[in-house]
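Structure assessment
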Amino acid sequence: MRRGTFREGTVDYAAVGATHAPDLMQYPPEQSIPAEESWRLGSGEERFRTAGDALLSWTAQRAAGLQLTDVRPASSPGYAGVSFDAEGKPIAPSHTEIEPRYAEDGTPWAGPGMTLKVHGRVGGMRADAELRVISVTEQTHRIGFVLGTVAGSVVSGEESFDIEWNDADEVWFTVRAFDRPNSFLYRSFPFLVKRRRRELFARYLRAISPLYATPV
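Being a predicted model, the structure only gives us computed values, none of them experimental.

Quick look at the side chain of Ser153
Along the chain, Ser153 falls in the loop between strand E9 (142–151) and strand E10 (155–165). With a relative accessible area of 10%, Ser153 lands in the buried category. Residues in contact with Ser153, not counting those within four places in the same chain, are Asp128, Ala129, Asn182 and Arg196.

So, the packing of aromatic side chains
Throughout the structure, instances matching the rule amount to 8 aromatic pairs. Ring centres of Tyr13 and Phe178 lie 5.6 Å apart, and the angle between their planes is 75°; on these two criteria the pair is classed as edge-to-face. With Tyr13 in the segment before strand E1 (33–43) and Phe178 in strand E11 (residues 170–181), the pair connects residues that are 165 residues apart, well separated along the chain. Accessibility expressed as a relative area gives 3% for Phe178, which makes it buried. Measuring from centroid to centroid gives 5.3 Å for Trp58 and Phe145, while their planes differ by 65°, and the two rings are edge-to-face. Of this pair, Trp58 sits in the loop between helix H1 (45–56) and helix H2 (59–63) while Phe145 sits in strand E9; the two residues are 87 residues apart in sequence, bridging distant segments of the chain. Grouping residues by exposure puts Trp58 and Phe145 together as buried. A connected cluster of aromatic rings, assembled from ring pairs, spans Trp58, Phe145, Phe161 and Tyr204.

A short note on the nonpolar core
Formed by 40 residues in total, the largest nonpolar core has its most connected members in Trp58, Phe145, Ile163, Phe173, Tyr204 and Ile208. Among the secondary structure elements, those contributing two or more residues to this core are E1, H1, strand E5 (115–119), strand E8 (129–138), E9, E10, E11 and helix H4 (190–208). If one sorts the elements of this core by residue count, H4 sits on top with 6 residues. Formed by 9 residues, the second largest nonpolar core is a distinct cluster that contains Tyr13, Ala15, Ile134 and Val146.

Let's talk about the pattern of salt bridges
Inspection of the entire model under this criterion finds 11 salt bridges. When the shortest N-O distance is used, the salt bridge between Arg142 and Asp162 registers 2.7 Å. Here Arg142 is found in strand E9, whereas its partner Asp162 is found in strand E10, with 20 residues between them in sequence. Residue classification places Arg142 among the partly exposed residues on the basis of a relative accessible area of 24%. Among the ionic pairs, Arg197 bridges to Glu159, the shortest N-O distance being 2.5 Å. With Arg197 in helix H4 and Glu159 in strand E10, the pair connects residues that are 38 residues apart, well separated along the chain. Across the pair, Glu159 and Arg197 agree in class, each one buried. It is possible to trace a salt-bridge network through shared partners that takes in Asp70, Arg72 and Lys117.

Some points on H4
With 19 residues, H4 extends 28 Å between its outermost C-alpha atoms, agreeing within 8% with the 27 Å of an ideal straight helix rising 1.5 Å per residue. Taken together, the buried positions of H4 are Leu192, Val193, Arg196, Arg197, Leu200, Phe201, Arg203, Tyr204, Leu205, Ala207 and Ile208.

Some words on the pairing of E5
Residues Leu116 and Val118 of E5 are buried on one face, while the alternating residues Thr115, Lys117 and His119, pointing to the opposite face, are not. Pairing analysis gives 4 bridges linking strand E2 (residues 67–72) to E5, with the strands arranged antiparallel. Directly across from Arg72, in E5, lies its bridge partner Thr115. Two strands pair when backbone bridges link them, and E5 and E8 are joined in this way by 4 bridges, in the antiparallel orientation. From the neighbouring strand, Lys117 faces E8, where its bridge partner is Glu130.

A word on the pairing of E11
Most of E11 is tucked away: 9 of the 12 residues are buried. Strand direction decides the pairing type here: E10 and E11, joined by 11 bridges, are antiparallel. Within E11, the residue paired with Trp165 across the bridge is Val171. Counted along the chain from E10 to the antiparallel partner E11, the turn is 4 residues long, and its residue Asp169 has a positive phi close to 70°.

Cut-offs and rules
- Residues numbered from 1 in each chain as written.
- Predicted model: local features only at pLDDT ≥ 70, side-chain atom pairs only at ≥ 80, totals over all residues.
- Heavy atoms only, no water.
- Helix = DSSP H or I, 4+ residues; strand = E, 2+ residues; numbered from the N terminus.
- Buried < 20%, exposed > 50% of the residue type's maximum accessible area, 1.4 Å probe, protein only.
- Contact = heavy atoms within 4.5 Å.
- Phe/Tyr/Trp six-rings, centres within 6.5 Å; stacked < 30°, edge-to-face > 60°.
- Core = buried A, V, L, I, M, F, W, Y, C linked by side-chain atoms within 4.5 Å.
- Salt bridge = Lys/Arg side-chain N within 4 Å of Asp/Glu carboxyl O.
- Expected span 1.5 Å × (residues − 1).
- Pairing = 2+ DSSP bridges.

This is the structure we're talking about:
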């Protein structure tokens, strides 16, 4: 059965939180193309913490060749983001406000309610968009966040990024997404959406995985 939807007023798609629904790959939001990849990063708490810090400080996006601009924290200082249950339905936030943290260049780490613009090219095609951080998770064994499109992208939809430290002492990096084509080219040739997504996933992995480089 296709899940219900929840509209958050600032994003340009309805199924907010659907990247955390277990049946995303079988029942993606209408007219969207789902994607999911998981990679083992290593093991142990140190790897988990290092990867989590790299993720929240935008290492994946920067190393993917995307430039971040106009990064703005939530307008309300008490905003705690939107959390979701296993079916992608909104529930009460699972954490309270966290003290802001900043990268060396002064860019704030990912925080719930934050908006930002990204600029770049993927596979030779434009990858500009305005995005909103839907939620941020910082738990004992999981660190991650969800990004949703607001405007100006060739696709609309959502990405979730999660670093998990499991009971076997393994650290895994999982990225899930769904993309609804907006541009005429992507609507006409859906395989380009899949190719764009594969390239993005590969770049994210190179940014976070110790096989390629140790995140800072």
